[in-house]
Amino acid sequence: MRVAVFASGRGSNFDALWGAAKDPSFPARLELLLSDRPDAPVIAKARSSNISTQIIPLESKRGVWEPRAVTDVLARLREARIEGICLAGFMRVVPSEILDFCSGKVLNIHPSLLPAFPGLHAQRQALQAGVKVAGCTVHFVDEGVDTGPIILQASVPVFDDDTEEALASRILVEEHRIYPEALRLLATERLHRVGRRVFVRAECSTPSTTPGEKHEF
Ligand code: GRF
């Protein structure tokens, strides 16, 4: 599977995906890095990994994509024959035209156990809510913010003396583990969606179908 990563910042999840995809037996290749921030550290990481990069010129408001930007990104995805997208700290909502281009094969990683604490500062929200267990979620992307069907989750404990930074670092270790794993499952067509539920098929098994269920992939 030919994959584009969309990222706005530091790029540690980009690194984790890139590290996994370097293994010749991994079923996905990172072909393109798109960023809305010309100064994002992830761009230098992609360049040093010899991945083609593109800056998407977007308006400053979070949800706004210039129609021209959508057209340019679609052209670039088409040119690179991209089949799937991983959002990795991408601070924009992705327009439906781009989700459709990849037939919904668009993943995101979020640093909470969704549906708890969507949006910004998920670790701060977790501490403020007083939860004892936090974690991260890889999910399919839909048109909302952190609302798509859940693929994989991992949990970590919350300690009494945790700061936001300490909790974020503990969660990040799990992010770097489950994101490549979710991409591997997607690329080997082992994810089976029924409504909002996502099931992982056993390797080499034949999918079972219940009449009337909608199987998206
Ligand atoms: C991660 O915590 C990810 O879950 C969230 O944004 C952060 C990105 O970090 N969506 P990085 O740029 O991958 O290091």
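Located above this text is the structure these notes cover.
Residues numbered from 1 in each chain as written. Predicted model: local features only at pLDDT ≥ 70, side-chain atom pairs only at ≥ 80, totals over all residues. Heavy atoms only, no water.

Asks: Account for the overall build of the protein chain, with residues named and values stated.
Replies: Along the protein chain, the regular secondary structure elements total 6 helices and 9 strands. A globule of 217 residues ought to have a C-alpha radius of gyration of about 17 Å, and the protein chain, at 17 Å, matches this closely. Each of the three principal axes of the protein chain carries a C-alpha extent, and together these read 50 × 50 × 35 Å. Taking the intrachain contacts of the protein chain between residues at least 6 apart in sequence as the baseline, contacts between residues at least 24 apart amount to 62%. As presented, the protein chain carries roughly 10800 Å² of accessible surface, and 52% of it is formed by carbon and sulfur atoms. Taking the average location of the 26 positive side-chain charges in the protein chain and that of its 27 negative ones, the two points are 2 Å from each other. (Helix = DSSP H or I, 4+ residues; strand = E, 2+ residues; numbered from the N terminus. Rg over C-alpha atoms; globule rule 2.2 N^0.38 Å. Contact = heavy atoms within 4.5 Å. Areas by Shrake-Rupley, 256 points an atom, 1.4 Å probe, with all protein chains shown as cover. Lys, Arg positive; Asp, Glu negative; His and termini not counted. Charge placed at Lys NZ, Arg CZ, Asp CG, Glu CD.)

Asks: So what's going on with the sheet that holds strand β2 (residues 29-35)? Which residues, and what values?
Replies: Within a sheet, neighbouring strands are paired by backbone hydrogen bonds and run either parallel or antiparallel to one another. Judged by pairing direction, the sheet is mixed, and its 7 strands sit side by side in the order β3-β2-β1-β4-β5-β6-β7 without closing on themselves. Looking along the sheet, the strands with just one partner apiece sit at the ends: β3 (52-55) and β7 (150-157). Neighbour-to-neighbour, the strand axes of this sheet turn through a mean angle of 20°, independent of strand direction. Note that β2 and β3 share 4 bridges and pair parallel. Bridge pairing in β3 links L34 to Q54. Lying on the sheet, helix α1 (residues 12-21) is in contact with β1 (2-6), β2, β4 (84-87) and β5 (106-110); it crosses β2 at an angle near 160°. Where helix α6 (residues 164-187) meets the sheet, it contacts β1, β4, β5, β6 (133-140) and β7, and its direction lies at approximately 155° from that of β7. (Pairing = 2+ DSSP bridges. Axes fitted to C-alpha atoms, helices over the stretch in contact; angles between N-to-C directions.)

Asks: Which residues make up the pairing of β5, and what values go with them?
Replies: Within β5, 5 of the 5 residues are buried, which leaves it mostly tucked inside the rest of the structure. What you see with β5 is no split at all: V106, N108 and H110 on one side and L107 and I109 on the other are buried throughout. Sheet analysis places β4 next to β5, joined by 3 bridges and oriented parallel. Looking at the pairing, C86 lines up with L107 of β5. You can see the chain leave β4, run along helix α4 (residues 96-101) and come back into β5, and the turn it takes is right-handed. (Buried < 20%, exposed > 50% of the residue type's maximum accessible area, 1.4 Å probe, protein only. Right-handed = clockwise from strand over helix to strand, strands pointing away.)

Everything listed here is a matter of geometry and, on its own, says nothing about what the molecule does.
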